[in-house]
Protein chains: 2
Amino acid sequence: MATNRRILLKQRPKGMPTLDDFELVETPVPTPGPGEVLVRNRFLSLDPYMRGLMDAGKSYVTPLELGQVMDGATVAEVVASNDAGFAPGDTVWAPGRWQDYAVCKPPPSRPPLRKIDTKLAPPTAWLGPLGLPGWTAYVGLLNLAEPREGQTIVVSSACGAVGGLVGQLAKSRALHTVGIAGGQQKCAYAVEALGFDQCIDYKAEGFAAALAEACPNGIDIDFENVGGGILQAVWPLLNMNARVVVSGLMAQYNLTKPWPGPDLTWLLKQRISIRGFIITDHATSIPQAIGDMARWLAEGKIKTRDDITVGLERAPEAFIGMLHGKNFGKTLVEFA
Amino acid sequence: MATNRRILLKQRPKGMPTLDDFELVETPVPTPGPGEVLVRNRFLSLDPYMRGLMDAGKSYVTPLELGQVMDGATVAEVVASNDAGFAPGDTVWAPGRWQDYAVCKPPPSRPPLRKIDTKLAPPTAWLGPLGLPGWTAYVGLLNLAEPREGQTIVVSSACGAVGGLVGQLAKSRALHTVGIAGGQQKCAYAVEALGFDQCIDYKAEGFAAALAEACPNGIDIDFENVGGGILQAVWPLLNMNARVVVSGLMAQYNLTKPWPGPDLTWLLKQRISIRGFIITDHATSIPQAIGDMARWLAEGKIKTRDDITVGLERAPEAFIGMLHGKNFGKTLVEFA
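The shown structure was predicted, so the numbers you read here are calculated from the model rather than taken from an experiment.

## Some points on the relation of the copies chain B and chain A
For the pair chain B and chain A, the best superposition has an RMSD of 0.0 Å and corresponds to a rotation of 180° with a translation of 0.1 Å parallel to the axis. The transformation just described matches what one would write down for a two-fold rotation axis. Taking C-alpha positions as the reference, the residue of chain B nearest the rotation axis is Gly 261 of chain B, at 1.9 Å. Both copies contact each other with a shared surface, as 100% of the interface residues of chain B are interface residues in chain A too.

## Focus: the domain arrangement of chain A
Many analyses report the size of an interface as the accessible area lost when the parts associate. All names here are of chain A. Splitting chain A by domain gives domain 1 (3-127 + 304-334) and domain 2 (132-280). Of the residues lining the interface, 15 residues belong to domain 1; the matching set on domain 2 comes to 13 residues. Considered class by class, the residues forming the side of domain 1 that touches domain 2 number 6 nonpolar, 5 polar and 4 charged.

## Considering the interface of chain B and chain A
With 26 residues of chain B at the interface, the matching set in chain A holds 26 residues. Mapped by element, the contributors of at least two residues to the side of chain B that touches chain A are helix 7 (264-270) and strand 13 (273-276) of chain B. A per-element tally of the side of chain B that touches chain A places helix 7 of chain B first, with 6 residues. Both strand 13 (residues 273-276) of chain A and strand 13 of chain B contribute to a ladder of 3 bridges, which runs antiparallel.

## Structural notes on the nonpolar core
For soluble globular proteins, nonpolar side chains are generally found buried alongside one another. The biggest cluster of nonpolar side chains holds 209 residues, and the ones touching the most others in it are Val 39 of chain A together with Val 39 of chain B. Ignoring anything within four residues of it in the chain, the contact list for Val 39 of chain A reads Ala 76, Glu 77, Val 78, Val 79, Val 92, Ala 94, Gly 96, Tyr 101, Ala 102 and Cys 104 of chain A.

## Re helix 9 (residues 315-323) of chain A
Every α-helix carries 3.6 residues per turn, so stepping three or four residues along brings you back to the same face. All names here are of chain A. Buried within helix 9 we find Ala 315, Pro 316, Ala 318, Phe 319, Met 322 and Leu 323. The buried residues of helix 9 occupy an angular sector of 165° when the element is viewed end-on, so they sit on one face. After helix 9 finishes, the residue Gly 325 shows a positive phi value of roughly 75°.

## Some thoughts on the packing of helix 2 (residues 132-144) of chain B against helix 8 (residues 286-298) of chain B
Residues and elements named next belong to chain B. Taken N-terminus to C-terminus, the directions of helix 2 and helix 8 make an angle of 100°; their axes are 9 Å apart at the nearest point. Taken together, the axis directions place helix 2 and helix 8 in an arrangement best described as roughly perpendicular. In this structure, helix 2 contributes Gly 134, Trp 135, Tyr 138 and Val 139 to the contact, and helix 8 contributes Ile 286, Ala 289, Asp 292 and Met 293. Grouping the amino acids of the contact of helix 2 with helix 8 by side-chain chemistry returns 6 nonpolar, 1 polar and 1 charged.

## Re unusual backbone geometry
One non-glycine residue, Arg 97 of chain A, lies in the positive phi region at around 70°. Relative to the helices and strands, Arg 97 of chain A is located in the loop between strand 5 (91-94) and strand 6 (101-104). Here the phi dihedral of Ala 174 of chain B falls at roughly 65°; this positive angle occurs in a residue that is not glycine. Relative to the helices and strands, Ala 174 of chain B resides in the loop between helix 3 (161-172) and strand 9 (176-181). Given 12 C-beta atoms within 10 Å, Ala 174 of chain B falls into the exposed group.

## Some remarks on the environment of Pro 106 of chain A
All names here are of chain A. Relative to the elements of secondary structure, Pro 106 occurs in the loop between strand 6 and strand 7 (114-115). Using a count of 19 C-beta atoms within 10 Å as the deciding quantity, one classes Pro 106 as partly exposed. Separated by 69 residues in sequence, Pro 106 and Val 37 place their C-alpha atoms 7.4 Å apart. Filtering out sequence-adjacent residues up to four positions away, Pro 106 remains in contact with Val 37, Asp 83, Gly 85, Phe 86, Pro 112 and Leu 113.

## Describing the sheet that holds strand 11 (residues 219-224) of chain A
The strand order across the open sheet built from 12 strands is 10(A)-9(A)-8(A)-11(A)-12(A)-13(A)-13(B)-12(B)-11(B)-8(B)-9(B)-10(B), with neighbouring strands paired in mixed fashion. The sheet terminates laterally at strand 10 (198-201) of chain A together with strand 10 (198-201) of chain B, the two strands that pair on one side only. Taken over all neighbouring pairs, the strand axes of this sheet differ in orientation by 15° on average, direction set aside. Sheet analysis places strand 8 (residues 152-156) of chain B next to strand 9 of chain B, joined by 5 bridges and oriented parallel. In the strand pairing of strand 9 of chain B, Val 154 of chain B is matched with Val 178 of chain B. Against the sheet, helix 4 (residues 184-192) of chain A makes contact with strand 9 (176-181) and strand 10 of chain A, and its axis sits at roughly 170° relative to strand 10 of chain A, the strand it touches most. Strand contacts of helix 4 (residues 184-192) of chain B: strand 9 and strand 10 of chain B, with the helix running at about 170° to strand 10 of chain B, the strand carrying the most contacts.

## Focus on the pairing of strand 10 of chain B
Residues and elements named next belong to chain B. Of the strand pairs in this sheet, strand 9 and strand 10 are connected by 4 bridges, and their pairing is parallel. When the bridges of strand 10 are listed, Ile 180 appears paired with Ile 200. In this region the chain leaves strand 9, passes through helix 4 and returns to the parallel neighbour strand 10; the handedness of that crossover is right-handed.

## A short note on the environment of Ile 7 of chain A
Residues and elements named next belong to chain A. Mapping Ile 7 onto the fold places it in strand 1 (residues 3-9). For Ile 7, a count of 22 C-beta atoms within 10 Å puts it in the buried group. Each C-alpha atom of the pair Ile 7 and Glu 26 lies 8.9 Å from the other, and the pair is 19 residues apart in sequence. With residues near it in sequence (within four places) discarded, Ile 7 still touches Phe 22, Leu 24, Val 69, Met 70, Trp 98, Gln 99, Leu 312, Ala 315 and Pro 316.

What counts, and at which threshold
Residues numbered from 1 in each chain as written. Chains lettered and ligands numbered in written order. Predicted model: local features only at pLDDT ≥ 70, side-chain atom pairs only at ≥ 80, totals over all residues. Least-squares fit on C-alpha atoms with pLDDT ≥ 70 in both. Contact = placed C-beta atoms within 7 Å. Domains from an automatic or database assignment. Nonpolar A, V, L, I, M, F, W, Y, C, P; charged D, E, K, R; others polar. Helix = DSSP H or I, 4+ residues; strand = E, 2+ residues; numbered from the N terminus. Pairing = 2+ DSSP bridges. Core = buried A, V, L, I, M, F, W, Y, C linked by C-beta atoms within 7 Å. Buried ≥ 20, exposed ≤ 12 C-beta atoms within 10 Å, placed from the backbone. Arc of directions from axis to C-beta. Axes fitted to C-alpha atoms, helices over the stretch in contact; angles between N-to-C directions. Parallel < 35°, antiparallel > 145°, perpendicular 65-115°, else oblique. Right-handed = clockwise from strand over helix to strand, strands pointing away.

Structure below.
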């Protein structure tokens, strides 16, 4: 009998997670009940929001209980189905979690299991530009940040799954597009492969001055994935009527005390707006996002890069690496 | 020959202004040049934003130079006119400043001199509900804060010129309307005269707990006139998709070091939006604001209260009192 390896939340991290916070267990492969579908996961998406799941009530997502399997989206293959809409062999997007096999319910359960068209785009794209990171980039930039030709946008985590897409969409709208990333290699990639006008290394000496120099006309949009010291450097450069769209606060998830917020006297003086957003609030925009992103991907207008770790057992290590900024592109685990 | 008393900015305040920061001088009454209009001021509006004028480059308004006459809006009477649009005896709204007489230019100079209809509303109303405070309340609440029936709004400086109007407009839209003010007398006035559902005394022990109790369903809109510790108490009570409209930061104008900003992890979790706004950016909405506010005032749907100090020489004292929250209603100086 096949076994189902599962990675559980063993204990809540204090600050940055460590390998000891996770536990791998082996259980029997579950049997789907009436109306349920059994899938075998092929790729697992690792995303910064998962850090929030590990804390008790601190983040924007409902936390996991201790001993629960780590949450996450997967691309998977249907193994057995008790629902007429799914057949063995179908490739699906699934709320498959950090495990080999998952029992899923078809829609209207949320998040819904759904078939994906691997002719439209390869499987991993459904966890990247056609998945949560793609929707986030699309809705956050195009629907919320009011991009205007010739204005300046700053995108933190510029080579990350969301940031890399935001930069490319911003360039296609003719914005002066400045990325922020950690290290010269990532910065070079952002400019050469993704088309950012410039990319500033936040780990280098004189980061704030370099950012200011890269934005001679100030900053009109900050697509914020990181927060902390990054936002602190962006804040005084914000122009009148600037928009700050907070998609993530990667630098703040592992802090044990809150990072001080931005100075509101500057917000008032500059008529700045800041808004936090979570893509799952914007479900009605997602079909359009998928349609447009798939077309742009097929036309070569969008490039993506995956950072794939092979083997479920290495998911904790890949996840911790991503939180340290060691990934280079969309962080994925491929099931061996 | 008549003299023109003028109150100048003598030195920049360190923190809260003192009487020593102002100087009263007497100069000859000026003569209007070609196309100019000479007015004699009758009422001067004192507003918190003026504190910002006194600092060098720190606020959202262009600072005054030392030795310049303090800026401000007045209701005035035309004394002599070299412009066909104005005649002696006309009552006007003027950028009249802290002085007996002012030479003004008619439109298109900004801010423009303009005739006011004292049959529509008494002169002081043109510095209150039909003036800058009225436009600010109208645009900030109705155009920016998305008021929705049954939601909860918190209004700081609830008896102030702006806050008192915001509360009345919010009640007319059927919001649960909670004021914040300093002292039991103001709180009683906010509830009894202005119709706030509750008003919480921020000077009393247990302010934050009392605010939470007054907002059993959380807070959907914060119309923020004060900032500082007030916003700090509001912040954790904000609901999902709450809107914070920052109209002023009275508690922060006199600080010598910046107040820490709000925690953005909560902003992200709750999908909060914050925006700073300045009414002069919304000029196209002002005619509608004046029309609606005049009608509501005539119908008795809006009540106002003026706090009038008589004598230009007492303007500094009245201004400092207002910054300490000693005013009760719209702060005005009546020229003797």
